[in-house]
There are 2 protein chains.
Amino acid sequence: MDKTAYENQLRKLAELSVRFGVNLQPGQEVLLTAPTGALDLVRLVAVEAYKAGANAVIPFFSDDMMTRARFEYGHDACFDHAPAWLYDAMGAALRSGKTARLAIYGDTPGLLADQDPQKVARATKSLAQAYGPFREAISSNSTNWNIIPYVTDGWAARVFPDDDTETARGKLWQQIFRATRVDQPDPVAAWQQNFAELYRRRDALQALALSALHFSGGGTDLTVGLATGHKWVGGGLALANGTVYAPNLPTEEVFTMPDRTRAEGRAVFTKPVSVSGTIVEGLVVEFRQGKASRITADTGEDIIREHFATDEGASHLGEVALVANSSPIAQSGVLFFNTLFDENAACHIAFGNSYDMNLPDGADKEKAGANSSQIHTDCMIGSGETDVDGIGQDGSRTPVMRAGEFVI
Amino acid sequence: MDKTAYENQLRKLAELSVRFGVNLQPGQEVLLTAPTGALDLVRLVAVEAYKAGANAVIPFFSDDMMTRARFEYGHDACFDHAPAWLYDAMGAALRSGKTARLAIYGDTPGLLADQDPQKVARATKSLAQAYGPFREAISSNSTNWNIIPYVTDGWAARVFPDDDTETARGKLWQQIFRATRVDQPDPVAAWQQNFAELYRRRDALQALALSALHFSGGGTDLTVGLATGHKWVGGGLALANGTVYAPNLPTEEVFTMPDRTRAEGRAVFTKPVSVSGTIVEGLVVEFRQGKASRITADTGEDIIREHFATDEGASHLGEVALVANSSPIAQSGVLFFNTLFDENAACHIAFGNSYDMNLPDGADKEKAGANSSQIHTDCMIGSGETDVDGIGQDGSRTPVMRAGEFVI
């Protein structure tokens, strides 16, 4: 890809994110998080945001080398600390609805794989605690937000390890521009068409009023009970004031809330899971009464066990999502080591916090089966071998997916 | 300067800032502000801060292109807005003393010179209002902080306009490494020696218990009344808990608080003033009863008038500072277009807010003559022609400086 084509598609990505993803309203601030390497996209986002009427664009950068400096030189006490005052303030700003959020996501998979797992776990836990108000503002749908990907060198090298940096970056950008539809003449029209199909699936699943989903194939034999009164969600979301936004770009999933007490059976995960800077491969989890009761993995087993022990809710489910194996991301055949992509290539379940948006307003969350945790970690269980049945309140079975494709 | 020498001195600058400037205490957070171009120094600061026991290093980047994007594309309303919630939160963190501040300063002089002055003035005013809690935390000496320079391309081009970017950057870095003493084998020892001289001047001036200072030379004929009970400050500062830190590196000044009602006469400013992204040259101000009553300039006259009209206190003085013409920065003969340097090359007065540290704890600020404003803008009046007399409570005159040098 030549420089002009790259810059043109990057500009289209910024525009798509601001106009369609965030759907920024005039007078809103943009709280923008990004890796330092993504400065070119950050600047394009700022231009598009000001054009769309932003009151301010406030960037917060993360930097791999600063993150590593902490683990290499930090005193022991720093691993139990996180700047809560900052996340408190950000959370309040987001809750007000006057501040929208745009996240540019390009974490380096395995960044902390060579660091002390105890320190990594402590740092992850402190951050998760401090981050609560921010997470809560997002999960309660109180403001419009969007997350888009950015190719960092470390990510490209992980996805295309046999290529030199420049080639790997080019290949990954090509995948990203395709997956986000910015390689198409009218990306918004393409997304509207895709959303229409997601809405159709969402409404069909809602109409079934299921009690549970049963996943089978590829070693998985898992029943996931669904929360009482669960709502299926997919594509865009609407704020109370009517603003419709698209949180994830790309997005190919429809998802709902499991009952935290009713997962039974065995899940063989079909893609690596990236947790606390470490790649966990070959993960298998057995569930009893909703809880991950047996956890094994080929690599990173300690890290993932630690992660699922963050708090009581971390070993229970907070989301179940269905994705067609024919989704463009699945069809690319590329393993992205990045949740934003890999979760949109396969059916998945998430450990940890559930989303309020998956219950009706005013529902008794506890009673409905909602889960509460400082984590929300998506883990992929779907593939071309996956069959999914819906189990009705009366025990009847309705085929929902066969060999990875929707049949409803 | 070759790459290794540059990296070595940059590392020494980071170390000097963290260890001697901020004097970071184990368990403190570092609130770090920097231009995006200063990423290499930011990373070195993070390493030194974690080595010194930082609990967290929290970077906030500014970016010239994002700043300009606002003025080029922003809707009209955005110029009256600033994210107050963020400065509120930062101010509270700094006031707690648990968060230290480190500022890497490398603004591009004249960045907004081609933008609509009305919009620039509105944006500056909104920021100054929102920034109040942050400014207050700093000026009340509630936490340890330090500001160091960084050479950005735009700054280097302004200082050395006849050189190519690479040469200009190299020349300016050489000046900075000299002025901050990091070109010396033991920069901390060099600063301690310099501070000893600043403390001597401070104590000599304090002992005089003056009523006013009279500046003359180069067209200036200005009497600056001093606040009742004013304290002279220079070199390091001490927090209530005893931590001694050095706010500005470099620093060559001793300064105190004027009486906001008692400046009389004419000040001919000896260096350009950088305000709201614009360079003001040839500034002359006449004072009556402490107020700037007549303001003229060769360039930027509208901008500086607007600036001094920000609020009631903006046209009165908040600081008066004495700097020897033999200071290394003055002797370099370089005009830096940067307050951190130019204020340390010449005697100056500041329009706007005064510093609480220039009065004894618990003093009645209003009665003493303190000034209150959203601005604090240093303007240089000193040169090799400057004479300064101290005027005692009884009207007696004591020579303080002659031809730009201290004679006390």
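Residues numbered from 1 in each chain as written. Chains lettered and ligands numbered in written order. Predicted model: local features only at pLDDT ≥ 70, side-chain atom pairs only at ≥ 80, totals over all residues. Heavy atoms only, no water.

Visitor: I tried to follow the environment of Asn55(A) on my own but got confused; where do I start?
Guide: The residue Asn55(A) is located in the loop between α2 (39-51) and β2 (56-62) in this model. Accessibility expressed as a relative area gives 11% for Asn55(A), which makes it buried. Counting along the chain gives 29 residues from Asn55(A) to Pro26(A), while the straight-line C-alpha distance between them is 7.4 Å. Contacts of Asn55(A), omitting those with residues within four sequence positions, involve Gly27(A), Gln28(A), Glu29(A), Ala77(B), Cys78(B) and His81(B). Separated by 3.4 Å, the side chains of Asn55(A) and His81(B) make a polar contact. (Helix = DSSP H or I, 4+ residues; strand = E, 2+ residues; numbered from the N terminus. Buried < 20%, exposed > 50% of the residue type's maximum accessible area, 1.4 Å probe, protein only. Contact = heavy atoms within 4.5 Å. Polar contact = N/O pair within 3.5 Å; in protein donor to acceptor, adjacent residues only side chain to side chain.)

Visitor: What's the story with the interface of chain A and chain B in this structure? I'm lost.
Guide: Many descriptions give the size of an interface as the accessible area lost when the pieces come together. In this complex, chain A contributes 39 residues to the contact, which on the side of chain B involves 39 residues. Summed over both partners, the interface of chain A with chain B buries about 3,300 Å², with 73% contributed by carbon and sulfur atoms. When the buried area of chain A at its contact with chain B is split by residue, Tyr50(A), Met66(A) and Trp85(A) rank highest and sum to 22% of it. The interface formed by chain A and chain B includes two salt bridges. Residues Asp63(B) and Arg43(A) are paired through a salt bridge, measuring 2.7 Å at the closest nitrogen-oxygen approach. Elements supplying a minimum of two residues to the side of chain A that touches chain B: β1 (29-35), α2, β2, α3 (64-73) and α4 (84-95) of chain A. Top contributing element to the side of chain A that touches chain B by residue count: α2(A), with seven residues. Per-class residue counts for the side of chain A that touches chain B are 27 nonpolar, seven polar and five charged. (Buried area = accessible area lost by both parts, 1.4 Å probe. Salt bridge = Lys/Arg side-chain N within 4 Å of Asp/Glu carboxyl O. Nonpolar A, V, L, I, M, F, W, Y, C, P; charged D, E, K, R; others polar.)

Visitor: Would you take a moment to explain the packing of helix α5 (residues 117-130) of chain B against helix α6 (residues 132-139) of chain B for this structure?
Guide: Helix-helix packing: each pair is described by the crossing angle between the helix axes and the interaxial distance. Residue and element names in this part refer to chain B. The geometry of α5 relative to α6 is characterised by a closest axis approach of 5 Å and an angle of 55° between their N-to-C directions. Considered as vectors, α5 and α6 are oriented oblique to each other. Residue-level inspection shows Ala128, Gln129 and Ala130 of α5 in contact with α6, the latter providing Gly132, Pro133 and Arg135. (Axes fitted to C-alpha atoms, helices over the stretch in contact; angles between N-to-C directions. Parallel < 35°, antiparallel > 145°, perpendicular 65-115°, else oblique.)

Visitor: Sorry, what's going on with the relation of the copies chain A and chain B here?
Guide: The operation linking the two copies of the chain is a rotation about an axis combined with a translation along the axis. Superposing chain A onto chain B takes a rotation of 180° combined with a translation of 0.0 Å along the rotation axis, leaving an RMSD of 0.1 Å. The transformation just described matches what one would write down for a two-fold rotation axis. By residue overlap, the copies meet face to face through one surface: 100% of the interface positions of chain A are interface positions in chain B. (Least-squares fit on C-alpha atoms with pLDDT ≥ 70 in both.)

Visitor: Whenever I open this one, the sheet that holds strand β5 (residues 212-217) of chain B confuses me. Can you help?
Guide: The strands making up a sheet associate through hydrogen bonds between their backbones, and the pairing can be parallel or antiparallel. Residue and element names in this part refer to chain B. Read from one edge of the open sheet, eight strands run β15-β14-β11-β6-β5-β19-β20-β21, paired in antiparallel fashion. In the strand order of this sheet, the two ends are held by β15 (291-296) and β21 (405-406), each with one partner. Each of β14 (284-288) and β15 touches helix α10 (residues 301-308); the most contacted strand, β15, lies at about 170° to it. (Pairing = 2+ DSSP bridges.)

Visitor: What is the right way to read the domain arrangement of chain A from this model?
Guide: Residue and element names in this part refer to chain A. One can read the domain layout of chain A as domain 1 (3-179) and domain 2 (187-406). A C-alpha centroid distance of 23 Å is found between domain 1 and domain 2. Contact residues are listed per partner, giving 43 residues for domain 1 and 39 residues for domain 2. Both faces combined, the contact of domain 1 with domain 2 buries some 3,400 Å², and carbon together with sulfur accounts for 63% of it. A per-residue breakdown of the area domain 1 buries against domain 2 is headed by Phe20, Asn141 and Ala179, which together make up 19% of the total. Applying the counting criterion to the domain 1 and domain 2 interface returns zero salt bridges. Taken together, the links from domain 1 to domain 2 amount to 10 residue pairs in polar contact (both at pLDDT 80 or more). Sorting the residues of the side of domain 1 that touches domain 2 by element identifies α1 (3-22), α5 (117-130), α6 (132-139), β4 (145-149), α7 (153-159) and α8 (165-179) as the ones contributing at least two each. The dominant element in the side of domain 1 that touches domain 2, judged by the number of residues it contributes, is α5, at eight residues. (Domains from an automatic or database assignment.)

Visitor: For this particular structure, what's the right way to read the side chain of Asn338(A)?
Guide: All names here are of chain A. Relative to the helices and strands, asparagine 338 is located in the loop between α11 (328-332) and α12 (339-342). One polar contact links the side chain of asparagine 338 to the main-chain amide nitrogen of leucine 340, over a distance of 2.9 Å. Contacts of asparagine 338, omitting those with residues within four sequence positions, involve Tyr105 and Trp155.

Visitor: Looking at this structure, I do not really get the side chain of Ser17(B). What am I missing?
Guide: Residues and elements named next belong to chain B. Looking at the element boundaries, serine 17 is found in helix α1 (residues 3-21). The buried category is assigned to serine 17, whose relative accessible area is 0%. Setting aside residues no more than four positions away along its own chain, serine 17 makes contact with Val22, Asn23, Leu102, Asn146 and Ile148.

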